[in-house]
Amino acid sequence: MKNIVISGTPGCGKTSVAKEISNLIKAKIMSLNELAISDEFSFEYDEERKTYIVDFEIFLPYILDKIEDIKQENPPYLIIESHFSDIIPERFIDYVFILRCDPDELFRRLEIKNFDREKINENIQAEILGNCANYFIQKRIKAPIYEIDTTNTNIEAVAQIIVEIIFENNNGENFKIGKVDWLEKLFKEDRLNEFFD
Ligand SMILES: Nc1ncnc2c1ncn2[C@@H]1O[C@H](COP(=O)(O)OP(=O)(O)OP(=O)(O)O)[C@@H](O)[C@H]1O
Ligand SMILES: [Mg+2]
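As the structure is a computational prediction, the values presented were derived from the model and not from experiment.

Draft legend 1. The sheet that holds strand β6 (residues 95-100), seen in detail. Here 5 strands make up an open sheet; going across it, the order is β2-β5-β1-β6-β7 and the pairing parallel. With partners counted over all chains shown, the strands left at the sheet margins are β2 (27-31) and β7 (145-149), one partner each. Between one strand axis and the next, the sheet turns by 20° as a mean value, whatever way the strands run. Pairing geometry for strand β1 (residues 2-8) and β6, over 5 bridges, is parallel. Note that in β6 the partner of Ile-6 across the bridge is Phe-97.

Draft legend 2. Representation of the layout of surface pockets. The space that makes up the largest pocket amounts to roughly 1400 Å³. Around the largest pocket, the lining comprises 45 residues; the ones closest to its centre are Pro-10, Asn-33, His-83, Phe-115 and Asn-123. Among the secondary structure elements, those contributing two or more residues to the lining of the largest pocket are α1 (14-24), α2 (32-36), β4 (51-53), α4 (103-112), α5 (117-129), α6 (131-139) and α7 (155-166). Looking at the lining of the largest pocket, its residues break down into 19 nonpolar, 15 polar and 11 charged.

Draft legend 3. Spatial organisation of the site of ligand 1. In the neighbourhood of ligand 1, 13 residues make up the surrounding shell, with Lys-14, Thr-15, Ser-16, Lys-113 and Thr-153 lying closest. Within the contact set of ligand 1, an oxygen atom lies 3.0 Å away from a backbone nitrogen or oxygen of Gly-11. The fraction of the free accessible surface of ligand 1 (640 Å²) that becomes covered by protein chains is 77%. At a threshold of 2 Å from the grid points, most atoms of ligand 1 map onto the largest pocket. Here the shell around ligand 1 takes 3 residues from α1, the largest share from any one element.

Draft legend 4. The arrangement of the nonpolar core in detail. Counting residues in hydrophobic clusters, the biggest one holds 33 residues, and the most contacted among them are Ile-4, Ile-21, Phe-97, Leu-99, Ile-148 and Ile-162. Counting residues per element, this core draws most heavily on α7, at 7 residues. The contact partners of Leu-99, leaving out residues within four places of it in the chain, are Ile-6, Ser-7, Gly-8, Thr-9, Cys-12, Gly-13, Lys-14, Val-17, Ile-148, Thr-150, Val-158 and Ile-162. In terms of nonpolar packing, the next biggest core, distinct from the first, is built from 27 residues, Met-30, Val-54, Tyr-62 and Phe-84 among them.

Procedures and definitions
- Residues numbered from 1 in each chain as written.
- Chains lettered and ligands numbered in written order.
- Predicted model: local features only at pLDDT ≥ 70, side-chain atom pairs only at ≥ 80, totals over all residues.
- Heavy atoms only, no water.
- Pairing = 2+ DSSP bridges.
- Helix = DSSP H or I, 4+ residues; strand = E, 2+ residues; numbered from the N terminus.
- Axes fitted to C-alpha atoms, helices over the stretch in contact; angles between N-to-C directions.
- 1 Å grid on protein atoms, 1.4 Å probe; cavity = no way out; pocket = protein on both sides within 12 Å on 5 of 7 lines; lining within 4 Å.
- Points joined across faces, edges and corners; volume = space filled by probe spheres on them.
- Nonpolar A, V, L, I, M, F, W, Y, C, P; charged D, E, K, R; others polar.
- Near = heavy atom within 4 Å.
- Polar contact = N/O pair within 3.5 Å; in protein donor to acceptor, adjacent residues only side chain to side chain.
- Areas by Shrake-Rupley, 256 points an atom, 1.4 Å probe, with all protein chains shown as cover.
- Sits in = over half its atoms within 2 Å of the grid points.
- Core = buried A, V, L, I, M, F, W, Y, C linked by side-chain atoms within 4.5 Å.
- Buried < 20%, exposed > 50% of the residue type's maximum accessible area, 1.4 Å probe, protein only.
- Contact = heavy atoms within 4.5 Å.

See the structure below:
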């Protein structure tokens, strides 16, 4: 079983793309966010930030056991998706795909998801700073890390690119991590103040 790890700021399309990939290839999906809020865990809720606080010391061993259980079923691929999927240890990672999205488009997507203004700002700032990508760069893993700009590429096409890279029909050269830089773009447009005040 090969593990495909997908990360990216909320709204970049991880869940949508994971589902589409599983339509294209025989892949199981593990959505860490869904598991984190499931009944098995009584995580604290942070009222101010409107988010669950996950105790990774309990959650991670549970996830790793679950990956081992799925492996017994022998599916060819397992997709692990979450904005915190960098918690997965290197030995469980075969490919990493970070989904990225232009801040203006991300704003629209998060509004559709009904995130409140504060949560939208927090996530857009994280996307501009490239947090999810940086967490993986810092892991210094051997597995290849790709970054896909989903701004003008629909869900089906993003899934297609990922499958092509895995099947080696695409050498992934255009998707090597480090090519997406919203900070530079907004700086040149003199718009950084719009997002960081
Ligand atoms: N490539 C895309 N093009 C246009 N719209 C997209 C694309 N990918 C996702 N969307 C839309 O953006 C919204 C967010 O997608 P999705 O819920 O899959 O993101 P996510 O990364 O899983 O977010 P979260 O971390 O909150 O779970 C949805 O409305 C989805 O239809
Ligand atoms: Mg999701």
